[in-house]
Amino acid sequence: MKQQTFAMAADQSESFERYRDRRDATSSCNDGSHRAVGRLVRGDRAVLPQGRQWPPPVGLERMLRMYFVQHWFNLADEACEEALLDSVALRRFVGIDLGRERVPDGTTLLKFRRLLEQHKLGAALFAQVGQVLQDRA
C-alpha cells in the first residue's frame, strides 16, 4: 500500500472543501464509467508517449479517462487540465494524486485526441461506453 500524501489526506477530509465539489456525490454514471474504461483497456497497458523524459509517460487508461472528462464537460484541452487541478472528484475519476504526480498537460491530451481522431476511434469508444452503461441499467 502506498503511503498517503498530504494531497490525498486533504481530498479525504470531510471539512476540506466540503461544499466546493458536488460532482462526486451526484455522479450516477461514475461507477459505470470506471467499468467502461476498464473494459476498454483490459489487457492493453500501452504507455504514451514512449522514449521521452518530459513530459513523463502517461498510461492509456488515464488518457482515456481524461478524454472522457473532456467530452462530458465540453472542455478544451487546457480547460480539462485546469478542471483536473480544481476538482477532487475529477482527479479521483482520472486517478491522479497531486502529492505524487502532475496532471498531464493540455498538449498531451491534444496529441492523444488527435491520435484517436486520426484512427477514427472516438465514436467507437463512446459506443462502447454507451453499451456498458446500457448493460448496467
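Now for a description of the structure that goes with this document.

Rules behind the numbers
Residues numbered from 1 in each chain as written. Predicted model: local features only at pLDDT ≥ 70, side-chain atom pairs only at ≥ 80, totals over all residues. Heavy atoms only, no water. Helix = DSSP H or I, 4+ residues; strand = E, 2+ residues; numbered from the N terminus. Buried < 20%, exposed > 50% of the residue type's maximum accessible area, 1.4 Å probe, protein only. Contact = heavy atoms within 4.5 Å. Areas by Shrake-Rupley, 256 points an atom, 1.4 Å probe, with all protein chains shown as cover. Axes fitted to C-alpha atoms, helices over the stretch in contact; angles between N-to-C directions. Parallel < 35°, antiparallel > 145°, perpendicular 65-115°, else oblique. Nonpolar A, V, L, I, M, F, W, Y, C, P; charged D, E, K, R; others polar. Phe/Tyr/Trp six-rings, centres within 6.5 Å; stacked < 30°, edge-to-face > 60°. Lys NZ or Arg CZ within 6 Å of the ring centre and 35° of its normal. Expected span 1.5 Å × (residues − 1). Arc of directions from axis to C-beta.

1. Regarding the overall build of the protein chain
Logical step 1: Along the backbone of the protein chain there are eight helices and two strands.
Logical step 2: Going residue by residue from the N terminus, the α and β elements of the protein chain occur as α-α-α-β-β-α-α-α-α-α.
Logical step 3: Scored against the burial criterion, the 137 residues of the protein chain give a buried share of 34%.
Logical step 4: Sequence separation of at least 24 residues holds for 70% of the intrachain contacts in the protein chain that already meet a minimum separation of 6.
Logical step 5: For the protein chain, the accessible area works out to roughly 8,900 Å², and carbon and sulfur atoms hold 51% of it.

2. Comments concerning the packing of helix α4 (residues 60-72) against helix α8 (residues 122-136)
Logical step 1: Relative orientation of the contacting elements α4 and α8 amounts to 85 degrees, with a least axis distance of 12 Å. As summarised for this structure, α4 and α8 are arranged roughly perpendicular, according to the angle between their axes. Contacts between α4 and α8 involve Leu64, Tyr67, Phe68, His71 and Trp72 from the first element and Gly122, Leu125, Phe126 and Val129 from the second.
Logical step 2: Across the contact of α4 with α8, the residue classes tally to seven nonpolar, two polar and no charged.

3. Some words on the side chain of glutamine 70
Logical step 1: Here glutamine 70 is to be found in helix α4.
Logical step 2: Excluding residues that lie within four positions of it along the chain, glutamine 70 makes contacts with Leu75, Ala76, Asp77, Cys80, Leu109 and Arg113.

4. Some words on the packing of aromatic side chains
Logical step 1: Taken as a whole and judged by the stated rule, the model has six aromatic pairs.
Logical step 2: Plain terms: the ring middles of tyrosine 67 and phenylalanine 112 are 6.3 Å apart, the flat faces sit at 75 degrees to each other, and that makes the pair edge-to-face. One end of the pair, tyrosine 67, is in helix α4; the other, phenylalanine 112, is in helix α7 (residues 106-118), with 45 residues separating them in the sequence. In terms of burial, tyrosine 67 and phenylalanine 112 fall into one category: buried.
Logical step 3: Taking the centre distance of 5.8 Å and the plane angle of 40 degrees together, the rings of tyrosine 67 and phenylalanine 126 count as tilted. One end of the pair, tyrosine 67, is in helix α4; the other, phenylalanine 126, is in helix α8, and 59 residues separate them in sequence.
Logical step 4: Here phenylalanine 126 falls in the partly exposed class, since its relative accessible area comes to 27%.
Logical step 5: Among the aromatic side chains, those forming a connected cluster through ring pairs are Tyr67, Phe68, Trp72, Phe93, Phe112 and Phe126.
Logical step 6: Here the guanidinium or amino end of arginine 65 rests over the ring plane of phenylalanine 93, the centre of that ring lying 5.0 Å away.

5. Section: unusual backbone geometry
Logical step 1: For asparagine 74, which is not glycine, the phi torsion reads 55 degrees and is therefore positive.
Logical step 2: Of note in the backbone geometry, lysine 120 takes a positive phi value of approximately 55 degrees without being a glycine.
Logical step 3: For lysine 120, the location among the structural elements is in the loop between α7 and α8.

6. Digging into α7
Logical step 1: Counted at 1.5 Å a residue, the expected span for α7 with its 13 residues is 18 Å, and the 18 Å between its end C-alpha atoms agrees.
Logical step 2: Every buried residue of α7 is accounted for by Gly106, Thr108, Leu109, Phe112, Arg113 and Leu116. Projected down its long axis, α7 shows its buried positions confined to an angular sector of 155 degrees, all on one face. Of the exposed residues in α7, the ones pointing more than 90 degrees away from its buried face are Arg114 and Gln118.
Logical step 3: In the segment just after α7, lysine 120 is the residue with positive phi, at about 55 degrees.

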